[in-house]
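Chain by chain, the residues run as shown.
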There are 2 protein chains.
Amino acid sequence: MRLSRYFLPVLKETPAEAQIASHRLMLRAGMIKQASAGNYSWLPMGFKVLRKLENIVHEEQIRAGHIPMLMPTLQSADLWRESGRYDDYGEEMLRITDRHGRDMLYGPTNEELITDIFRSHVGSYKELPLTLYHIQWKFRDEIRPRFGVMRGREFLMKDGYNFDLTREDAMHAYNRHLVSYLRTYERMGLQAIPMRAESGPIGGDDTHEFLVLAETGESGVFYDSEITDLRFGDREIDYDDVAACQSVMEEFTSRYARTDDTHDEAVFHERVPEARRREGRGIEVGQIFYFGTKYSEPMGATVQGPDGKPVPVHMGSHGIGVSRLVGAIIEASHDDKGIIWPEGVTPFHVGIVNLKQGDSEADAACEAIYKSVEALGLEPLYDDTDDRAGAKFATQDLIGLPWRITVGPRGLKNGVVELTSRRTGASEELPPEKAVEKIAQIYAPHHGAPRSEPMAKRSFHTWL
Amino acid sequence: MRLSRYFLPVLKETPAEAQIASHRLMLRAGMIKQASAGNYSWLPMGFKVLRKLENIVHEEQIRAGHIPMLMPTLQSADLWRESGRYDDYGEEMLRITDRHGRDMLYGPTNEELITDIFRSHVGSYKELPLTLYHIQWKFRDEIRPRFGVMRGREFLMKDGYNFDLTREDAMHAYNRHLVSYLRTYERMGLQAIPMRAESGPIGGDDTHEFLVLAETGESGVFYDSEITDLRFGDREIDYDDVAACQSVMEEFTSRYARTDDTHDEAVFHERVPEARRREGRGIEVGQIFYFGTKYSEPMGATVQGPDGKPVPVHMGSHGIGVSRLVGAIIEASHDDKGIIWPEGVTPFHVGIVNLKQGDSEADAACEAIYKSVEALGLEPLYDDTDDRAGAKFATQDLIGLPWRITVGPRGLKNGVVELTSRRTGASEELPPEKAVEKIAQIYAPHHGAPRSEPMAKRSFHTWL
C-alpha cells in the first residue's frame, strides 16, 4: 500500500478522553474512531489488525477440529425465557422491540441459540462429539464504557460451544480449547496465562480465564512466577489425543494462578514459596467453561444414548475477545513513541520511508523494494508522501510496523539502504536486495503461524 | 473435511414455510436455520459460502483501489437527525433505546457515519479521491420477511462510499464501482445486469441496480436481449484510467435495461426492435449511486479546494447484498435434485463418495484421493459415513458440489474411479490420480478468480 492512497488519519495530539496507552495509541495511529459511547468504527489499519486476529482464531479453531458457522447478532427473547436468563441477565443486555412489538435482544452470548440449533438437528450420540463456534459482534450495554475497544459496548468475540455425551468427553473438549487458545495467543505475540476464575452469568464450575499481564489490566492477579516461563511453542499436538491434551492442560494450570475473584491468600502462601509469589494486574482475553447440562436440561437438548435412552448433553462454552485483543496486544507491546506490533499480527510487514520523495533515484529504489516485498506475498507500507523525514519517522514509530527500510540519496550513493527494527531501534546498512532478503527471512519461517506449520496449509481460503 | 466430523444437517422433507427454491434448498442442504422471523443462523456450509462471497467482494474492491474498514452495527440517532433521515426512514429502521435512554438504531446503511468520519479527518482536496467501504451486518425491519436470506431482516451488505472533489471525479468513482461489480458477479458465476433504477431513500439521480434474471425475482425487468451477451471476462482494466472505466460503463449501460420503477414503454418500443425486447423478473443484488452533495452539505463535509475555499465533497454510495447473493446464486443455478454451485463459490471443491465404507481398498483409495486434493490447496468433502450409496448420492446432489469422485470396490478392481459433473451429470471412469489431476486442472487456472489473475496475488492475507 502506498500511503498517499491509504486512509491513515494519524493524530498529533493525544486525545483527552483516552486514559490508557492502547486507547490513546489506537486513536493517534488512526486505527479507530468513536461512533457513539463505547462503539467504534475500525478505520482501515485497525480493521486490518482486527481481521488478522480473526483469521488466526479461525485457523487455530479449525485446526482443533471445531467447526465455524455464524449466528445473527439479534436474537428472539423467547429462547432466553426458556433458559431462564432473560430476566437474570440485567441491564447489560440490550433489549429491543421490533415493529410488531416482539421482544428481541442484541446477543451478549449465544448459549441459547446454539442449544436450539443443536436440539433441532442432532438426535443421536453417534453424531457427537461436536464443537461449533462463530466470530460475531456482541453487545453489552456497559454502564460506563471506557478504555476504547478494551471495554466497549459493541465488541467482536469468538464463542464456541461443545456438545458431548459425557462429562469426560466434555472435559476433553475443555482441554482442546485450552490448548488451541495457548497457540492462538502465542501466534499473536502474547503470553496469556490461564487462571482459575469465576463463572458469572454463564454458569458452571470448571472455568479458566486467560490473562495478559499488564499494569492497566482490570483484574488483580496472583501467580507463581514459574508460570511465566511456560511456552506452548512449536510442539505438535494431536487434538484427538485425550491424554496429550490433558497433559498440556495440567502443565499450564497446575501452578497457582488466580484472579482476585478466586484468590485465596492462605492457599497462595501454602503452595508458592515466597520468592515465586507475584501479584499484578491482567487483561482478560478469553475464558473457557464447562457447565454440564445447565442449558441442555431446561432446553431439552438430549441425544439418544447407546442404550436408546435420552441423555442431556454435556456442554461448555469458550470465548476469545477478538476486538479487545487489539488493545491487549498494544498494552503489552508499545513504548513512548507508539505501538510495536508483533510480526504475527502487524498490519503491514515493513514500512518503506523515502527520505527524498521526487528524487528519481530514491523513488526508483523505493519502487523496486516495494515490488520485491509484494512479490514475496508480504505487504509493504510505502510512505511516498512529501512529508519531511522527521514526520515520516514519527508516523512509522507511532503505527509500529516491526521493520522499516529507509531509502535516501546519500545511502544510495554507497549502494545501501537502512533496515531498522522497531522493537530494538537497531539499524543496519545493506544493499536494497539484501534488506528485502532479510525481510523474507524474518517472515518466511512462520509468517504469523507457528514454525511447524507448512505455508500451503495456511491459506485462509483452504482453512475456511 | 470428513462428513462424519462435519455438521451438515440435511433435511429429507421440504420445509413448508419455504416458497422459493433457494430458501427451500438452503434449509434442506443444512445451510441455514431460522433464528427468529427474518433472522438466520448460517450453519457451517452456509457460512462457508457466505465467507467465500465476502472474500471475492473484498478482493475486487481492493483491486479497484477502495479501502476496507468496518463501522459498527449500532449507530447513534444524532447523526441521522443531522442529515434529516431519522424521521424520514420509516418503520424499517430498527430504533433502540440504551440503558441511559439514548436513541440508537441498527444501521440500515451508513452514509451518515462515514460522512462523519470523513469530516473529522479529511481537510484538503489533496487527500482525495477516497473510497472507503465495509462489509457489515445491517438490519431492516421488513414488515413481512420472506424468501429466506433473500428478504431477511438481518443481512450482510457491502457498502462503499466515495469522496471526490468534483462531479467528474465522482462519476469516475461511479464507473470504477460498476466495473468492479461486473467482475465480482462474474466470479460468482452470475450474470448481473446493470439497469437504470430509482434511488429511494438514499437519494441522488444517477443510479444503477444490478439484477440477476430469475423467475422468482421481485422486480419486473425490461431489456434489450443483446445485453445478455455482454461479458466482462478476463480483460485487464486499469482502474485509474478514466476513459477505460467510462467505456466499460457505456458498453454495459447504453442498451435499454430498466426495472419496473423506471420502465417507459414508449422509450422501450422506440429504442429496441421487437425481436430483442424482453420482459422478465430479476433479483436485485447490488446498486450504485451518485448523490453529489446530499450528505456533505447538511453535514459539513467540506475540503479546502485548490483555491483555498471550502467545497462540499461529491459523494456516492455503492452496495452489494452479500447474504442475499447466496440465495440469488442458488435461484440462478439449481435443478430438481438440489443446488449446483459455480466453481468460484462452491463450499467444497469436490465430493468424494465411498460406495463401501469399511472395505479396506475403497477406504484406502478414498484416503489417498482426499490427501491429494488437500495437497493441491483445495478442499474435498469426503462422505465417509455408513449411509448406503443412494443416500450418499442424494446428499451430494442436494448440496451441489460441482464435481464428485465416486470410489467403489468394483471400479477399483479395474483401477478406476468415477468423476461426475454435477451440472451435466456426465461421468467418466479414470484412474484415481487422473481424476485428481483433472480436479487440479479445473480449479488451477482461475481457482475462483478470473483466469488472468496470478495465484500469488490472491491470498486473502495479502489482499486485506
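Please read these numbers as outputs of a predicted model, since none were measured by experiment.

Regarding the interface of chain A and chain B
For step 1, the next point in the chain: Taken residue by residue, the interface counts 70 residues in chain A and 70 residues in chain B.
For step 2, the next point in the chain: Across the chain A to chain B interface the summed buried area is about 6200 Å²; carbon plus sulfur atoms make up 58%.
For step 3, the next point in the chain: Across the contact surface, chain A and chain B share 10 salt bridges.
For step 4, the next point in the chain: The partner of D240 of chain A in a salt bridge is R5 of chain B, with the nearest N and O atoms 3.0 Å apart.
For step 5, the next point in the chain: Inspection of the chain A/chain B interface yields 22 residue pairs in polar contact (both at pLDDT 80 or more).
For step 6, the next point in the chain: Here the side of chain A that touches chain B is built from residues that sort into 34 nonpolar, 15 polar and 21 charged.

Notes on helix α7 (residues 242-253) of chain A
All names here are of chain A.
For step 1, the next point in the chain: The first and last C-alpha atoms of α7 sit 16 Å apart over 12 residues, in line with the 16 Å expected at 1.5 Å per residue.
For step 2, the next point in the chain: Within α7 the residues assigned to the buried category are C245, V248, M249 and F252. Along α7, the residues classed as buried sweep out an arc of 100 degrees about the axis, all on the same side.
For step 3, the next point in the chain: For α7, the elements touching its buried residues are α6 (167-187) and β9 (192-196).

Section: the pairing of strand β16 (residues 314-321) of chain B
All names here are of chain B.
For step 1, the next point in the chain: Where burial is concerned, most of β16 is hidden: eight out of the eight residues are buried.
For step 2, the next point in the chain: Of the two faces of β16, the one lined by H314, G316, H318 and I320 and the one lined by M315, S317, G319 and G321 are each fully buried.
For step 3, the next point in the chain: Note: strand β8 (residues 154-164) against β16, eight bridges, orientation antiparallel. Directly across from F163, in β16, lies its bridge partner M315.
For step 4, the next point in the chain: One ladder, built from six bridges, connects strand β13 (residues 277-292) with β16; its direction is antiparallel. Residue Y290 lies in a different strand from β16, and its bridge partner there is G316.

Side note on the domain arrangement of chain A
Residues and elements named next belong to chain A.
For step 1, the next point in the chain: Parsing chain A into structural domains produces domain 1 (21-339) and domain 2 (346-443).
For step 2, the next point in the chain: Taking only C-alpha atoms into account, the centre of domain 1 sits 38 Å from that of domain 2.
For step 3, the next point in the chain: With 12 residues of domain 1 in contact, the opposing surface of domain 2 contributes 11 residues.
For step 4, the next point in the chain: Both faces considered, domain 1 and domain 2 share a buried interface measuring about 1000 Å² in area, 53% of it formed by carbon and sulfur atoms.
For step 5, the next point in the chain: Put simply, domain 1 and domain 2 have two salt bridges between them.
For step 6, the next point in the chain: The shortest N-O distance in the salt bridge between R422 and D335 comes to 2.8 Å.
For step 7, the next point in the chain: Run the count over domain 1 and domain 2 and you get seven residue pairs in polar contact (both at pLDDT 80 or more).
For step 8, the next point in the chain: Residue assignment for the side of domain 1 that touches domain 2 shows that the elements contributing at least two residues are α1 (21-28), α2 (44-63) and β18 (338-339).
For step 9, the next point in the chain: The element contributing the most residues to the side of domain 1 that touches domain 2 is α2, with four residues.
For step 10, the next point in the chain: Here the residues of the side of domain 1 that touches domain 2 sort into five nonpolar, two polar and five charged.

A few points about the sheet that holds strand β5 (residues 94-97) of chain B
Residue and element names in this part refer to chain B.
For step 1, the next point in the chain: Strand order in the open sheet made by the three strands is β4-β6-β5, with antiparallel pairing throughout. In this open sheet, the two strands that pair with only one neighbour each are β4 (74-76) and β5. Between one strand axis and the next, the sheet turns through 35 degrees on average, direction left out of account.

Side note on the side chain of N354 of chain A
All names here are of chain A.
For step 1, the next point in the chain: Tracing the sequence through the fold places N354 in strand β19 (residues 350-354).
For step 2, the next point in the chain: A relative accessible area of 0% places N354 in the buried class.
For step 3, the next point in the chain: A distance of 3.1 Å separates a polar atom in the side chain of N354 from the backbone nitrogen of K356.
For step 4, the next point in the chain: A polar contact is formed between the side chain of N354 and the side chain of Q357, at a distance of 3.2 Å.

Observations concerning a negative patch on the surface
For step 1, the next point in the chain: A surface patch of negative charge is lined by D264, E265, E270 and E279 of chain A.
For step 2, the next point in the chain: The exposure class of E270 of chain A is exposed, given its relative accessible area of 69%.

Thresholds, definitions, all that
Residues numbered from 1 in each chain as written. Chains lettered and ligands numbered in written order. Predicted model: local features only at pLDDT ≥ 70, side-chain atom pairs only at ≥ 80, totals over all residues. Heavy atoms only, no water. Contact = heavy atoms within 4.5 Å. Buried area = accessible area lost by both parts, 1.4 Å probe. Salt bridge = Lys/Arg side-chain N within 4 Å of Asp/Glu carboxyl O. Polar contact = N/O pair within 3.5 Å; in protein donor to acceptor, adjacent residues only side chain to side chain. Nonpolar A, V, L, I, M, F, W, Y, C, P; charged D, E, K, R; others polar. Helix = DSSP H or I, 4+ residues; strand = E, 2+ residues; numbered from the N terminus. Expected span 1.5 Å × (residues − 1). Buried < 20%, exposed > 50% of the residue type's maximum accessible area, 1.4 Å probe, protein only. Arc of directions from axis to C-beta. Pairing = 2+ DSSP bridges. Domains from an automatic or database assignment. Axes fitted to C-alpha atoms, helices over the stretch in contact; angles between N-to-C directions. Patch = residues over 30% accessible without salt bridge, like charges linked within 9 Å, V, L, I, M, F, W, Y side chains within 5 Å. Areas by Shrake-Rupley, 256 points an atom, 1.4 Å probe, with all protein chains shown as cover. Lys, Arg positive; Asp, Glu negative; His and termini not counted. Charge placed at Lys NZ, Arg CZ, Asp CG, Glu CD.

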